[in-house]
Each structure stands twice: as C-alpha cells, then as structure tokens.
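Each chain is listed here by its residues.
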Amino acid sequence: MLTWFEGIFLGLVQGLAEFLPISSSGHLAALQYIFGIEGESVLLFAVLLHVGTLFSLLAVYYKDLWELLKELCFTIKDLCTGKGLRINCNETRRLGFMIIAATIPTAIIGLLFNDFFSSAYNSMYVVAGGLVFTGVLLMVADRMGRKGRRKDVRTMKFRNAVLVGIFQGIAILPGVSRSGSTLFGGLFGGLNRELAVRFAFLISVPSILGAVILEAPEAFEAGMDLSLLGPVMAGMAVAAVSGFVAIKTMIKVVSRGKLSYFSYYVWAAALALIIYMAAA
C-alpha cells in the first residue's frame, strides 16, 4: 500500500535522482525494498513518475526541443523535395541527428538485455555495485572535463554521440546513473562541458519517453487502486518540480567542475545499502 508520505517522498527522490548523477533507479529500488512497496499496482505509479520528469525537461529545454521539432519538419521537407538530409546545414539539424545517433544504441541495449536489467532490480547488491561504478565514472569525468580543447556541436562526431548512447544504455542497470554515465561519455568523447550536459539531458527525452511507452501497456493492464490516486498524483507533481530544480543544479555543477562531489555521496549510499542488507 502506497501512503501519501511514500508517494511524495518517492516523487522527490525520482525528480532529484533522475537528473542529479546519483541514479534514480538505484534509489527507488532501494527505497521500495526498505518501505516494502511491491505489487503490480505500483507499476502505473512508476510510469507517472517518469512522466513527471518529462515535464521537468520540457520546462527547462522547451526552446531547444521546439527548434529541434521544427528542424525535423524542415528535414522531411528537404527529403521530399529531393535536397537530401543536409545534416550540416545548421547546428540545430546536426544536433538532432546526433540525438538520433545516440538513441539507437540505447534502444538496442535496452531491448536486447531487458530481462537481465529487470532481474537486476531484485538484488540490492547489484544496486550497490552500480552506485560504486557511478562514483568512479563521476570522479574520472570531472578530471577529463578540464583537459584539452573541447568539441562543440559543429565539431562533434557521430562516434561521440554513439558512445554517449552506449553509456546511456548501460545506465539502465539499477544503481548506474543515467545522467552521470552520459556526462562521462560526452566528456570522454571530448565534448565541452556545456554541450556535454545539454546533450545528456536532451537525449534523455526519447529515452524516458520510450520507457513510458514500453511500460504503459503493462501498467494500465495491471490497473491501480483508486485509493492510491492521491499519493500517485502528488508524487508525479513533486517529481516534476524537483526534476526542474535538479536540472538547473546540474547545469551549474558541471560548468563549475564539481561532479566529483557526487562520487562521495553515491559511495556512501552504496556502503549504507550493503550494511542495511547485511543487518536485515
């Protein structure tokens, strides 16, 4: 049974941990285990939390997303009139194709290893391992972001986008932060900090939307107890607001080179989870 407190608290954690590099999947898996929340009736709650985080992205990046949508229409027009894709005609179109290139490997990894990733949520030790891995990525990413000349949209290569997409696919594993992994992939590929964080959040739109579409049929089939409607909607609203705050915070953190601070947090969280499991 989901209480109001649990709904709001899980919504807060989802919004913050989805965009801060601390793994929303790991935190929610651990908290649901600790709270004893289970059953198919909460599937719809998980889907609606993702919808809440989508609202966060729309609120922060609505201008970018609108320009990308318009450019997609222009690209279709160019194809229909025989002009071709014209990938490099402007930065917005080039960025759009980079997002597509990053989304493809994420989708392939998610579909191929879906059963493995789903079973991993049953082991809190796997979650703890994912948190440790996330901390290492963040520590390395922070140092890489300070070195050498960095790439912008015009000099970014498709292999850079594919690399980011691969790391986003790996982040489906519970405990591995999606934002942390994609930032690592971007900085490892030589992107400048501004583009790395912007690209990481923009490619999360098709990723989160895809997850919602895939999970929605099963969630709606399972249904939901109407008595849970209040806590669920409250959690969704809190996820949207806290997600907005988290995105704004991450933009500042990455620009200032403070990612390593989160390494200590996720390592401490992993240790606390291991201690809790050992004592249970």
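For the structure itself, consult the block above.
Residues numbered from 1 in each chain as written. Predicted model: local features only at pLDDT ≥ 70, side-chain atom pairs only at ≥ 80, totals over all residues. Heavy atoms only, no water.

With that settled, consider the overall build of the protein. Broken down by element type, the protein carries 12 helices and 0 strands. Counting from the amino terminus, the protein carries its helices and strands in the arrangement α-α-α-α-α-α-α-α-α-α-α-α. Scaling as 2.2 N^0.38, a compact globule of 280 residues should have a C-alpha radius of gyration of about 19 Å, and the protein matches this with 19 Å. In terms of overall dimensions, the protein has C-alpha extents of about 60 × 40 × 35 Å along its principal axes. Within the protein, the fraction of its 280 residues that count as buried is 50%. Long-range pairs, those at least 24 residues apart, make up 83% of the contacts in the protein between residues at least 6 apart in sequence. Of the roughly 13600 Å² of accessible surface on the protein, 68% is carried by carbon and sulfur atoms. Positive and negative side-chain charges of the protein, numbering 23 and 17 respectively, have mean locations separated by a distance of 19 Å. (Helix = DSSP H or I, 4+ residues; strand = E, 2+ residues; numbered from the N terminus. Rg over C-alpha atoms; globule rule 2.2 N^0.38 Å. Buried < 20%, exposed > 50% of the residue type's maximum accessible area, 1.4 Å probe, protein only. Contact = heavy atoms within 4.5 Å. Areas by Shrake-Rupley, 256 points an atom, 1.4 Å probe, with all protein chains shown as cover. Lys, Arg positive; Asp, Glu negative; His and termini not counted. Charge placed at Lys NZ, Arg CZ, Asp CG, Glu CD.)

The α-helix winds at 3.6 residues per turn, so residues separated by three or four positions along the chain end up facing the same way. When the terminal C-alpha atoms of helix H7 (residues 158–170) are compared, their 19 Å separation across 13 residues agrees well with the 18 Å that a helix rising 1.5 Å per residue should span. If you check which residues of H7 are buried, you get Asn160, Ala161, Val164, Gly165, Phe167, Gln168 and Gly169. (Expected span 1.5 Å × (residues − 1).)

What follows covers the packing of aromatic side chains. Taken as a whole and judged by the stated rule, the model has 9 aromatic pairs. For the pair Tyr61 and Phe201, a centre-to-centre distance of 6.2 Å together with 45° between the ring planes defines the contact as tilted. Here Phe201 lies in helix H9 (residues 193–202) and Tyr61 lies in helix H3 (residues 43–80), a separation of 140 residues in the sequence. On the accessibility criterion, Phe201 (1% relative accessible area) is buried. (Phe/Tyr/Trp six-rings, centres within 6.5 Å; stacked < 30°, edge-to-face > 60°.)

Of note, Ala234 is situated in helix H11 (residues 229–255). Along the primary structure Ala234 and Ser260 are separated by 26 residues, whereas in three dimensions their C-alpha atoms are 32 Å apart. Once residues within four sequence positions are removed from consideration, Ala234 is found in contact with Trp4 and Ile8.

This part covers the side chain of Ser23. Counting through the fold element by element, Ser23 comes out in the loop between helix H1 (4–19) and helix H2 (24–35). Since its relative accessible area comes to 1%, Ser23 is described here as buried. Reaching out from Ser23, the side chain makes a polar contact with the side chain of Ser25 at a distance of 3.3 Å. Setting aside residues no more than four positions away along its own chain, Ser23 makes contact with Ala17, Leu131, Pro174, Gly175, Val176 and Ser177. (Polar contact = N/O pair within 3.5 Å; in protein donor to acceptor, adjacent residues only side chain to side chain.)

Within the secondary structure, Ile170 is located in helix H7. Taking the relative accessible area as the measure of exposure, Ile170 reaches 33% and is therefore partly exposed. Distance in space between the C-alpha atoms of Ile170 and Leu273 is 21 Å, their sequence separation being 103 residues. Look past the residues within four positions of Ile170 in its chain and what remains in contact with it is Ile109, Phe117, Phe133 and Val176.

Quick look at the layout of surface pockets now. Empty space within the second largest pocket amounts to approximately 580 Å³. Forming the walls of the second largest pocket are 22 residues, and the residues nearest its centre are Leu68, Leu69, Leu72, Ile99 and Ile100. Listed by contribution, the elements that provide at least two residues to the lining of the second largest pocket are H3, helix H4 (91–112) and helix H10 (204–222). The biggest single contributor to the lining of the second largest pocket is H3, with 9 residues. Tallied by class, the residues present in the lining of the second largest pocket amount to 16 nonpolar, 4 polar and 2 charged. (1 Å grid on protein atoms, 1.4 Å probe; cavity = no way out; pocket = protein on both sides within 12 Å on 5 of 7 lines; lining within 4 Å. Points joined across faces, edges and corners; volume = space filled by probe spheres on them. Nonpolar A, V, L, I, M, F, W, Y, C, P; charged D, E, K, R; others polar.)

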